[in-house]
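Summary of the model geometry
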Amino acid sequence: MPIMPEVQIAVEHVIFTRVERTYSPQGYSGYQIVYQSPSLGAETAQIEKYVQCFQPGKQPVRRHQFFWTEKGQAVFTRSVPLTSPDPEVIDKNQRDAFLVHALVVSREHFARVRNDPFAIFAAAENNQLLTTDVAQLVAYLRKDPPPTQLVVPIRSGAMYPPEWSVWNLYLLCVAAPNLHEQKQSILMIAADPEEIFQLLSCMLAWLPADQRVACTFDTFVDHCTPPAGNFWIVGGTRSIGNSSFISMPLAERKVVSLKGSDERSLYTTWFAYALQNTESDAQINEDLYTAQVVAEVFTAHRALPAFPLSKRALNTFYNLNSRAITTRLAKALATVLPGHIAELLAPSLHTYIYEPLPTILSIAAQETCDTQMLAHITLAKIVYYWLLNEQPEWKEWESVLTFSEQATYMPLILLANVKAKARPQTLLSSMKARSPFFSTSDDKPQAQDVAVGALLKTGELPQVLDELLAGVQPVQDPLPSDTAQAARQSQSSSTRRLQLSDEEFQMLVNALLHQQAGNLLQGRCVWRVEYLQNSRIVRSLVKAVDASQNVAAEFVHALHHHPLYSR
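Per-chain numbering applies: the sequence of each chain, read as written, is numbered from 1 onward. Local features in this predicted model are restricted to residues whose pLDDT is 70 or higher, and side-chain atom pairs enter the listing and the counts only when it is 80 or higher, whereas totals over whole chains, interfaces and linings include all residues. In computing side-chain values, all of the structure's heavy atoms are included and hydrogens and water are not.

1. Overview of the overall build of the protein
So the rule is basically this: What counts as a helix is a DSSP run of H or I of at least four residues, what counts as a strand is a run of E of at least two, and both are numbered from the N terminus. The contact criterion used is simple: two residues touch if any of their non-hydrogen atoms lie within 4.5 Å. Working definition of accessibility: Shrake-Rupley area with a 1.4 Å probe, residue cover restricted to the visible protein chains.
Each helix and strand in the protein was counted, giving 25 helices and 11 strands. Counting contacts in the protein only where the partners sit at least 6 residues apart, residues at least 24 apart contribute 70% of the total. A total of about 25,800 Å² of accessible surface is found on the protein, and carbon and sulfur atoms cover 50% of it.

2. Description of the sheet that holds strand E5 (residues 74-82)
What holds strands together in a sheet is hydrogen bonding between their backbones, with the strands either parallel or antiparallel. We count it as follows: Between any two strands, pairing holds if DSSP finds at least two bridges.
Strand order in the open sheet formed by 9 strands is E3-E2-E6-E5-E4-E9-E10-E8-E11, and the pairing between neighbours is mixed. The open sheet has two free edges, formed respectively by strand E3 (30-36) and strand E11 (245-249), since each of these has just one partner strand. Pairing of strand E4 (residues 63-68) with E5, which is carried by 6 bridges, proceeds in the antiparallel orientation. Each bridged residue has a counterpart across the sheet, and for Trp68 the counterpart in E5 is Ala74.

3. Points about the pattern of salt bridges
As a working rule, side chains carrying opposite charge can pair if their charged atoms are close by. Under the convention used in this document: Think of a salt bridge as a Lys or Arg side-chain nitrogen and an Asp or Glu carboxyl oxygen that are within 4 Å of each other. Burial status follows relative accessibility: with a 1.4 Å probe on protein chains alone, a residue under 20% of its type maximum counts as buried, one over 50% as exposed, and anything between as partly exposed.
Scanning the model with the defined rule gives 20 salt bridges in all. For Glu20, the salt bridge identified is with Arg18, shortest N-O distance 2.9 Å. Look at Glu20 and you get buried, because its relative accessible area is 13%. Close ionic contact of Arg524 with Asp466 constitutes a salt bridge, the shortest N to O distance being 2.7 Å. Residue Arg524 is located in helix H23 (residues 524-529), and its partner Asp466 is located in helix H20 (residues 461-468); the two are separated by 58 residues in the primary sequence. Judged by its relative accessible area of 38%, Asp466 is partly exposed. By sharing partners, the salt bridges in this structure join Arg18, Glu20, Asp91 and Arg95 into a single network.

4. Comments concerning the nonpolar core
The line we're drawing: As used here, the term nonpolar core means buried Ala, Val, Leu, Ile, Met, Phe, Trp, Tyr and Cys residues forming a set that is joined through side-chain atoms within 4.5 Å.
Trp232 and Phe555 are the most contacted members of the largest nonpolar core, which has 175 residues in total. The contact partners of Phe555, leaving out residues within four places of it in the chain, are Phe505, Val509, Leu521, Cys525, Val526, Val529 and Val545. Grouped together as the second largest cluster of nonpolar side chains are 24 residues, Phe16, Ile47, Phe98 and Ala102 included.

5. Observations concerning the state of the cysteines
Note on terminology: a disulfide is the covalent bond linking the sulfur atoms of two cysteines. In plain terms, the rule: By convention in this document, the label disulfide applies to cysteine sulfur atom pairs within 2.5 Å.
On inspection of all chains with the given rule, the structure shows 1 disulfide. Linked covalently through their sulfurs, Cys53 and Cys224 form a disulfide whose S-S length is 2.0 Å. Looking along the S-S bond of the Cys53-Cys224 disulfide, the torsion reads about -70 degrees, which is the left-handed sense. With Cys53 in the loop between helix H1 (43-51) and E4 and Cys224 in the loop between strand E9 (217-218) and strand E10 (233-236), this pair connects stretches of sequence that are 171 residues apart. By relative accessible area, Cys53 is classed as partly exposed at 28%. Residue Cys215 stays outside any disulfide, its sulfur separated by 5.0 Å from that of Cys173, the closest cysteine. On the basis of relative accessible area, Cys215 is assigned to the buried category, the value being 0%.

6. Notes on the packing of aromatic side chains
Heads up, the condition is: Between the rings of Phe, Tyr and Trp (Trp by its six-membered ring), a pair exists once the centres lie within 6.5 Å; its type follows the angle of the planes, with under 30 degrees stacked, over 60 edge-to-face, and the other angles tilted. Think of it as a cone above the ring: NZ of Lys or CZ of Arg counts as a charge over the ring if it is within 6 Å of the ring centre and within 35 degrees of the ring normal.
Counted under the stated rule, the structure contains 32 aromatic pairs. Ring centres of Tyr267 and Phe271 lie 5.9 Å apart, and the angle between their planes is 15 degrees; this geometry places the pair in the stacked category. Remark: Phe271 and Tyr267 occur in helix H9 (residues 266-277); sequence separation between them is 4 residues, near one turn of the helix. Given a relative accessible area of 2%, Tyr267 falls into the buried group. A relative accessible area of 0% means that Phe271 is categorised as buried. The ring of Trp68 has Arg107 lying over it, and the distance from NZ or CZ to the ring centre is 4.3 Å.

7. Things to note about the environment of Val151
With respect to the helices and strands, Val151 occurs in strand E7 (residues 149-153). Look at Val151 and you get partly exposed, because its relative accessible area is 36%. Val151 sits 145 residues away from Glu6 along the chain, and the two C-alpha atoms are 6.4 Å apart. If we skip the residues at most four places from it in the chain, Val151 touches Glu6, Val7, Gln8, Ala123 and Asn127.

8. Here we look at the packing of helix H17 (residues 410-420) against helix H22 (residues 502-514)
Filter applied, for reference: Geometry is summarised by axes, namely lines fitted to C-alpha atoms with helices restricted to the contacting stretch, and by angles between N-to-C directions that run from 0 to 180 degrees. Note that the term roughly parallel is reserved for angles under 35 degrees, roughly antiparallel for angles over 145, roughly perpendicular for angles of 65 to 115, and oblique for everything else. Two helices crossing with the near one rotated counterclockwise from the far one by less than a right angle form a left-handed crossing, whereas a clockwise rotation gives a right-handed crossing.
It is the contact of H17 with H22, at a shortest axis distance of 9 Å, that shows an interaxial angle of 130 degrees. By the angle between their directions, the pair H17 and H22 is classed as oblique. The hand of the H17/H22 crossing is right-handed. When H17 is examined against H22, the residues Leu414, Asn417, Val418 and Lys419 are found in contact with a partner set consisting of Glu504, Met507 and Leu508.

9. A short note on helix H25 (residues 553-560)
Just so we agree on the cut-off: Here the arc refers to the directions that run from the helix axis out to each C-beta atom.
Along H25, the residues classified as buried are Phe555, Ala558 and Leu559. For H25, the angular spread of buried residues about the axis comes to 95 degrees, placing them on one side. Against H22, H23 and helix H24 (535-546) lie the buried residues of H25.

10. Some points on the pairing of E7
Of the two faces of E7, only one is covered, namely that formed by Leu150 and Val152; the face formed by Gln149, Val151 and Pro153 stays uncovered. Looking at chain direction, strand E1 (residues 6-10) and E7 are connected through 5 bridges and run antiparallel. Directly across from Ile9, in E7, lies its bridge partner Leu150.

11. Describing the confidence of the model for the protein
Short version of the rule: As a per-residue measure, pLDDT reflects the predictor's confidence and takes values from 0 up to 100.
Per-chain confidence: the protein averages 89 in pLDDT, with 90% of residues scoring 70 or above. Between residues 422-428, whose pLDDT stays under 50, and residues either more than four places distant or in other chains, the model counts 14 contacts.

12. Description of unusual backbone geometry
Its identity as a non-glycine residue notwithstanding, Arg253 has a phi of 55 degrees, on the positive side. Along the chain, Arg253 falls in the loop between E11 and H9. Although it is not a glycine, Asn550 sits at a positive phi angle of roughly 60 degrees. Within the secondary structure, Asn550 is located in the loop between H24 and H25.

13. Quick notes on the side chain of Asn321
If you trace the backbone, Asn321 turns up in the loop between helix H11 (311-320) and helix H12 (322-333). Here Asn321 falls in the buried class, since its relative accessible area comes to 6%. Among all residues touching Asn321, those that are not within four sequence positions of it are Leu266 and Thr269.

14. Considering helix H5 (residues 166-174)
Residues separated by three or four positions in an α-helix point in the same direction, a consequence of the helix having 3.6 residues per turn. Burial analysis of H5 places 8 of its 9 residues in the buried class, which makes it a mostly covered element. When H5 is considered as a whole, its buried residues turn out to be Val166, Trp167, Leu169, Tyr170, Leu171, Leu172, Cys173 and Val174. Where the residues of H5 are buried, they touch helix H6 (176-181), strand E8 (185-189), helix H7 (193-205), helix H8 (209-212), E11 and H9.

What follows is the structure, given as structure tokens:
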């Protein structure tokens, strides 16, 4: 289970109770707001409306509420009964009363604690912040006002009550927005509101932070029924004669079924899998936070945070949702790549990136290829190896070359030029202007020549030659002529890896000769000569190497002894 931080948030206060006139800021006795933070304004009237009815009778119950003001502030209240209260402060006749302490938190600060009302309630309880009795009330009114800052530990993990269907309880959470729209509420019936409070605490911990905002509640509404739909969940000890309140007696341990609540979001797919396939609750909790964070960034279209996440959870989340994630990844790649390349590359992208999943998920979540996540030259390198390894029949080299020029990645420029056969001079000029490797000594260089020259200067050319010809294997002699020919045909028709045709190989060799790099025509270059099947190309290459200097002797030998040269 990850170690979660503590977060400091700003809190404002509203305290509502009955007081005698001496303690009333308005100068009259009765129920009223006796304290509010100076920064609060008209929203206190809405808060008062939500808290002013609480009728526990003689029951020693506490009510908890979570709701939103019209100004977008989150409100967390705790109501406690005052039995035979202090006659000087509360009621001179000592009639039973109640006291409500509400915390008001901005949407921004609530998000800092992952929109978790129960984290705030726990922190307030641990810091004895909420007014529980008359003595603390008087201290707030006459001595020091309640503090304006609260340190809140972020909850890590959750409880999974064994007597309940966790999956069905989760679906109740997912249904919260629909219930609000339909002006309906779930009525949880229990003898003790604390049981409702604890169950809700479990349920909200299963949700990503963005889904918790709709899960408002009031744990005790006996004799104080709010309008249906004001809260997602309300609690009480009895049924309400209104069909808009869907009853759910907790003693029966049965979750009400709601139409349309089983909507498979990315997170819902993961959570269903975790419940069915994870060995223990502890293991779910180890992955829960990571899965929630991934779901949240997909909703918010932002990158994953920089801190460590569970690799197991990232892998499971990706594998379960690979189709949807790949679709969004292709959309992101299409912001910098031609659309058809982006669509085909997206499923394979993770195989070309070190520690790929955080990068892949961040790009897919943002639906844009942020250069901080994947620089254009890095993406060009990925496209280069993807074409070599996975696209032996690729035809659309013009679009590849355009992208390679934008990224100025020389191996891809060389590959695309050799495959595209020729390029307009205007594009070559723009390539020269963008890259420090392009020579200006030749007024009309071929793009493949320029790329070879640049790779020669950086020392990368031998490796690139090896990569371009990696599908070539030597034909061991002596072999019967029919066996050697079959090997050549098999090599040339192989679809396992991209290969150069005879014409493309000739163009590559000529580019090396133009850059006085004939000494590098070794190894796989010599092997590739064995597979030449065009006598015209063989004779042309012999003529070219004979007219050049410093060409590898074994390459010259292979050409001069090629069976087609004597014809």
